[in-house]
Amino acid sequence: MTDSTQRAFPRDLATVFLDRDGVLNEKMPEGRYVTSWAEFQLLPGVPEAIARLNRAGLRVIVVSNQRGIALGLYSVADVEAIHAALESLLESQGARVDAFYFCPHDKGQCSCRKPLPGLFDQAVAQFPAITPASSVIIGDSLSDIEFGRRVGMTAIFIEGNAQRRKPGAESSRQLADFSFPTLVEAVAALL
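Residues numbered from 1 in each chain as written. Predicted model: local features only at pLDDT ≥ 70, side-chain atom pairs only at ≥ 80, totals over all residues. Heavy atoms only, no water.

## Some remarks on the nonpolar core
Then, number 1: Counting 33 residues, the largest nonpolar core has Val-16, Leu-18, Leu-24, Ile-50, Ile-138, Ile-156 and Leu-183 as its most contacted members.
Then, number 2: A per-element tally of this core places helix H1 (residues 46–55) first, with five residues.
Then, number 3: Aside from chain neighbours lying at most four places away, what touches Ile-138 is Val-16, Phe-17, Leu-18, Asp-19, Val-23, Ile-156, Ile-158, Leu-183, Ala-186 and Leu-190.
Then, number 4: Core analysis: the next-biggest nonpolar cluster, separate from the first, contains 21 residues, Ala-99, Cys-112, Ala-123 and Phe-127 among them. (Core = buried A, V, L, I, M, F, W, Y, C linked by side-chain atoms within 4.5 Å. Buried < 20%, exposed > 50% of the residue type's maximum accessible area, 1.4 Å probe, protein only. Helix = DSSP H or I, 4+ residues; strand = E, 2+ residues; numbered from the N terminus. Contact = heavy atoms within 4.5 Å.)

## Looking at the environment of Gln-41
Then, number 1: Relative to the assigned elements, Gln-41 resides in the loop between strand E2 (15–18) and H1.
Then, number 2: Overall, Gln-41 belongs to the exposed group, its relative accessible area being 51%.
Then, number 3: With 69 residues separating them in the primary sequence, Gln-41 and Cys-110 have C-alpha atoms 29 Å apart.
Then, number 4: Among all residues touching Gln-41, those that are not within four sequence positions of it are Leu-24, Asn-25 and Glu-26.

## Considerations on the pairing of strand E3 (residues 59–65)
Then, number 1: For E3, the tally of buried residues reaches seven of seven residues, placing the bulk of the element in the interior.
Then, number 2: On E3, burial covers both faces: Arg-59, Ile-61, Val-63 and Asn-65 on one face and Val-60, Val-62 and Ser-64 on the other are all buried.
Then, number 3: Sheet topology note: the E2/E3 ladder contains four bridges and is parallel. Residue Phe-17 lies in a different strand from E3, and its bridge partner there is Ile-61.
Then, number 4: Remark: the E2/H1/E3 crossover connection has right-handed handedness.
Then, number 5: Here five bridges tie E3 to strand E4 (residues 99–103), and the two strands are oriented parallel to one another. Bridge assignment links Val-62 to a residue of E4, and that residue is Phe-100. (Pairing = 2+ DSSP bridges. Right-handed = clockwise from strand over helix to strand, strands pointing away.)

## What about the side chain of Asp-21?
Then, number 1: Among the structural elements, Asp-21 can be located in the loop between E2 and H1.
Then, number 2: Classification of Asp-21 by relative accessible area gives buried; the value is 19%.
Then, number 3: For Asp-21, the side chain forms a polar contact with the side chain of Asn-25, separated by 2.9 Å.
Then, number 4: Residues in contact with Asp-21, not counting those within four places in the same chain, are Lys-27, Val-34, Gln-66 and Asp-140. (Polar contact = N/O pair within 3.5 Å; in protein donor to acceptor, adjacent residues only side chain to side chain.)

## Section: the environment of Asp-98
Then, number 1: Here Asp-98 shows up in the loop between helix H3 (76–92) and E4.
Then, number 2: Asp-98 sits in the partly exposed class, given a relative accessible area of 27%.
Then, number 3: Note: C-alpha distance between Asp-98 and Asn-54 (44 residues apart in sequence) is 9.4 Å.
Then, number 4: Among all residues touching Asp-98, those that are not within four sequence positions of it are Leu-58, Arg-59, Val-60 and Phe-127.
Then, number 5: At a separation of 3.3 Å, a polar atom in the side chain of Asp-98 contacts the side chain of Arg-96.

## Some words on the pairing of strand E5 (residues 135–139)
Then, number 1: In terms of burial, E5 is a largely internal element, five of the five residues being buried.
Then, number 2: Because side chains alternate across E5, one face comprises the buried residues Ser-135, Ile-137 and Gly-139, and the other comprises Val-136 and Ile-138, equally buried.
Then, number 3: Bridge analysis of E2 against E5 gives four bridges, and the strand direction is parallel. What sits directly across from Thr-15, in E5, is Ser-135.
Then, number 4: Pairing of E5 with strand E6 (residues 154–158), which is carried by four bridges, proceeds in the parallel orientation. Bridge pairing in E6 links Gly-139 to Phe-157.
Then, number 5: Once you follow E5 into helix H5 (residues 142–151) and on to E6, the crossover reads as right-handed.

Written as structure tokens, this is what we have:
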């Protein structure tokens with residue numbers, strides 16, 4: 001674990017925001033996208049990590065940029081089908097995600113593409129008790145960490161597969177409050 005800013009996890013932690021690709025499932029090589037459930041490869045230990053968050057009484061929300069929709073590579077319905085299949089798989093293993101929010105836009109077209117705060121705003125609209133001070137973001141890219149910083153959340157960087165990291169991994173690690181190899185280790189430290 002790297003603690004780059006000497007911050008602690010929130011004492012009143014209530015919500016864990018999770019990026020999807022690279023945190024929950026194997027990230028595709030740079031420039032490629034998960035377009036269907038057949039391409040979605042859940043990372044080891046993810047269902048149990050989410051179940052641990054659930055048992056601790058924490059709200060679990062997935063926030064994901066899905067630029068491939070804007071590029072015409074897959075549809076909103078495709079993403080919703082992937083999330084429905086993921087929910088079913090997690091449920092079969094005693095875990096659940098409380099909500100999924102995703103940005104279907106290309107860069108510069110909206111306020112919901114991370115690092116902008118739109119996905120956080122959507123979550124707060126559905127769950128008004130969410131506050132930045134009682135939330136963390138766990139992500140594997142600079143946009144995830146900057147998203148957390150912009151809204152005032154504790155930010156946790158997942159190092160993941162070194163061959164598939166987005167550019168800016170070192171900056172992400174330095175900007176993040178904490179860094180862990182996987183979601184499993186991040187959740188163990190949070191709890």
